[in-house]
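# What the coordinates show
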Amino acid sequence: MHEPLKFEHIKPRLLGHWGTTPGLNFIYVHFNRLIKKHDLNVIYVTGPGHGGPGLVANTYLEGTYSELYPNISQTKEGLKKLFKQFSFPGGIPSHVAPETPGSIHEGGELGYSIAHAYGAAFDNPDLLVCCVVGDGEAETGPLAASWHSNKFLNPARDGAVLSILHLNGYKIANPTILSRLSDAELTQLFTGYGYKPYFVEGHEPETMHQLMAHTLDTVIEEIHAIQNDARAGQSAGLPVWPMIILRTPKGWTGPKVVDGKPVEDTWRAHQVPVTNFVSHPDHVKILEEWLKGYSPEELFDGNGKLIPELAELAPSGERRMGANPHANGGLLLKDLVMPDFREYAVRVTKPGTETAEATRVLGNLLRDVGGGTNLPGKQRIAPQPRQSQPQGHYPRNRKVRGVSQGEVRAHTRIPLVQAR
């Protein structure tokens, strides 16, 4: 912002989703503090993945993006390329796409964030997954069922998932259901799911930062206490995991009014809050004032690089969420020893004379994956009980916190593939 903003500085067509991005930024920077304070191993799962600008921006500011893509350097020229390539032909998508550092979940198809988060935490005892769930996404069937994933998380051998339900009030064109519930109603709902909800609510940034920091400190202590007790054999039964319900305005800190209509804290902030610069030249001024409101001259040096005192707030190396090996290109994957599938074929000498079940045959093959050993990280989620879909000589269900997974009929978690 070294010169007045002009029409020619703006892309002909603006795409993207602003409404959820401020909340994603807010959570990301607070996890940076938490990671540094406790030396945590964290990945970030973005349910409202259309907030891709937030994850691209944060991985750029922490340095990971430029390390993976050296052409997007920590300079004014690098910033210009970063801005231009976003949601642009030949550039990068507007979602948290696979090429976004630290992404295991794009979020474009809503509803699967919690399932992916718990999948990452299974058999990964040192990993903490920050899973942000949008209130629009929370209305999908897959997400609604996924809240029960906490029944399968064993703190003695698994990592942890901190679910953060982000209630900013609106989908693309109308209010969301959960945002219209009172705190008391939400507490009843999520207590029934087996969680202990903490509320972080407000619109004044300074107050919200203090509240979020205090809440995260409390929550991480509870998570560590649950894990320590379980690993010391001092607990029994299903734990009650903490979660956070974050209420912030949609499009927080963006334009409050455009053309006489409210934008911040309404559905109008969902995508690009100010557009139509040809027919509304005054919108250029609105955009300029919005951008200047963040005081970029105080955040970046003359060469366009984040000033050192701010850059130091992020973790370093693989502790950066964008650089965590668990979320980047299979850095921790190992080749899986696979048996010859032909050896498991059902011999059919004459049509209509053999009786066989596909899942039993598959079970025999899966039993021998990895040389027949129960490799760490081999997991499978079965949508039906294995009594109705038997799988041969596959090992019986394990126990989860004293509850047989065979007793939990909705899902059966048994070893399958080596994910890490």
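Attention here is on the structure that accompanies the text. For clarity, every value in this text was computed on a predicted model and none was experimentally measured.

Reading the values: the criteria
For every chain, the first residue of its written sequence is number 1, and the numbers climb from 1 along that sequence. Predicted model: local features are reported for residues with pLDDT of at least 70 only, side-chain atom pairs are reported and counted for 80 or more only, and whole-chain, interface and lining totals are derived from all residues. Note: side-chain values were computed over all heavy atoms of the structure, leaving out hydrogens and water. A run of H or I in DSSP counts as a helix once it spans at least four residues, and a run of E counts as a strand once it spans at least two, with each numbered from the N terminus. Burial here depends on accessible area, computed with a 1.4 Å probe over protein chains only, as a share of the maximum for the residue type. Under 20% is buried, over 50% is exposed, and the range in between is partly exposed. Any pair of residues with heavy atoms lying within 4.5 Å of one another is described as a contacting pair. With residues, only the protein chains shown are counted as cover, and all accessible areas are computed by Shrake-Rupley using a 1.4 Å probe. The rule is short: rings of Phe, Tyr and Trp, with Trp giving its six-membered ring, pair when the centres are within 6.5 Å, and they are stacked under 30 degrees, edge-to-face over 60, tilted in between. What makes a nonpolar core is a set of buried Ala, Val, Leu, Ile, Met, Phe, Trp, Tyr and Cys residues whose side-chain atoms join them at distances within 4.5 Å. Strands are treated as partners if at least two bridges between them are detected by DSSP. Looking down the strands as they point away from the viewer, one classifies a crossover as right-handed if the path from the first strand across the helix to the second runs clockwise. Salt bridges are counted wherever a side-chain nitrogen of Lys or Arg sits within 4 Å of a carboxyl oxygen of Asp or Glu.

## Overview of the overall build of the protein
- Broken down by element type, the protein carries 12 helices and 11 strands.
- For the protein, buried positions account for 48% of its 420 residues.
- Of all intrachain contacts in the protein linking residues separated by at least 6 positions in sequence, the fraction that spans at least 24 positions is 73%.
- Entry remark: accessible area of the protein is about 20500 Å², with carbon and sulfur atoms responsible for 57%.

## Observations concerning the packing of aromatic side chains
- The tally for this structure, following the rule as stated, stands at eight aromatic pairs.
- Between tryptophan 18 and tryptophan 290, the ring centres sit 5.0 Å apart and the planes meet at 75°, which makes this aromatic pair edge-to-face. In this pair, tryptophan 18 sits in the segment before helix H1 (21–38) while tryptophan 290 sits in helix H9 (residues 282–292), placing the two residues 272 residues apart along the sequence. Tryptophan 290 matches tryptophan 18 in its accessibility class, with the two residues each being buried.
- For the ring pair tryptophan 147 and phenylalanine 190, a centre distance of 4.8 Å and an interplane angle of 80° mean the geometry is edge-to-face. Here tryptophan 147, found in the loop between helix H6 (141–146) and strand S3 (160–167), pairs with phenylalanine 190, found in helix H7 (residues 183–193); they are 43 residues apart in sequence, far enough to count as distant.
- Owing to a relative accessible area of 2%, tryptophan 147 belongs among the buried residues under this scheme.
- By relative accessible area, which is 0% here, phenylalanine 190 ends up buried.

## Let's talk about the nonpolar core
- Within the largest apolar cluster, 60 residues are counted, with the highest numbers of intra-cluster contacts made by Phe31, Trp147 and Leu165.
- Filtering out sequence-adjacent residues up to four positions away, phenylalanine 31 remains in contact with Val42, Leu128, Cys130, Leu162, Ile164, Leu216 and Met321.
- If you look at the next biggest cluster of nonpolar residues, it comprises 11 residues, including Leu5, Trp18, Phe277 and Trp290.

## With respect to helix H2 (residues 52–61)
- Most of H2 is tucked away, with seven of its 10 residues classed as buried.
- Looking only at H2, the buried set comprises Gly52, Gly54, Leu55, Val56, Asn58, Thr59 and Tyr60.
- Elements that come into contact with the buried residues of H2 comprise H1, strand S1 (41–46), helix H3 (64–68) and helix H4 (76–85).
- A positive backbone phi angle near 100° is found at glycine 63, which sits one or two residues after H2.

## Description of the pairing of strand S4 (residues 195–201)
- As judged from the seven bridges shared by S4 and strand S5 (residues 241–247), these two strands associate in the parallel manner. For tyrosine 195, the partnering residue across the bridge sits in S5 and is tryptophan 241.
- In this fold, the crossover linking S4 to S5 by way of helix H8 (residues 205–231) has right-handed handedness.

## Some points on the pattern of salt bridges
- Applying the stated criterion across every chain, the model contains 14 salt bridges.
- When the shortest N-O distance is used, the salt bridge between arginine 319 and aspartate 39 registers 2.9 Å. Note that arginine 319 is positioned in the loop between helix H11 (308–311) and helix H12 (358–367) and aspartate 39 in the loop between H1 and S1, a separation of 280 residues in sequence.
- Take arginine 319: its relative accessible area is 30%, and that puts it in the partly exposed class.
- Each member of the salt-bridge network shares a partner with another, and the members are Arg33, Lys37 and Asp217.

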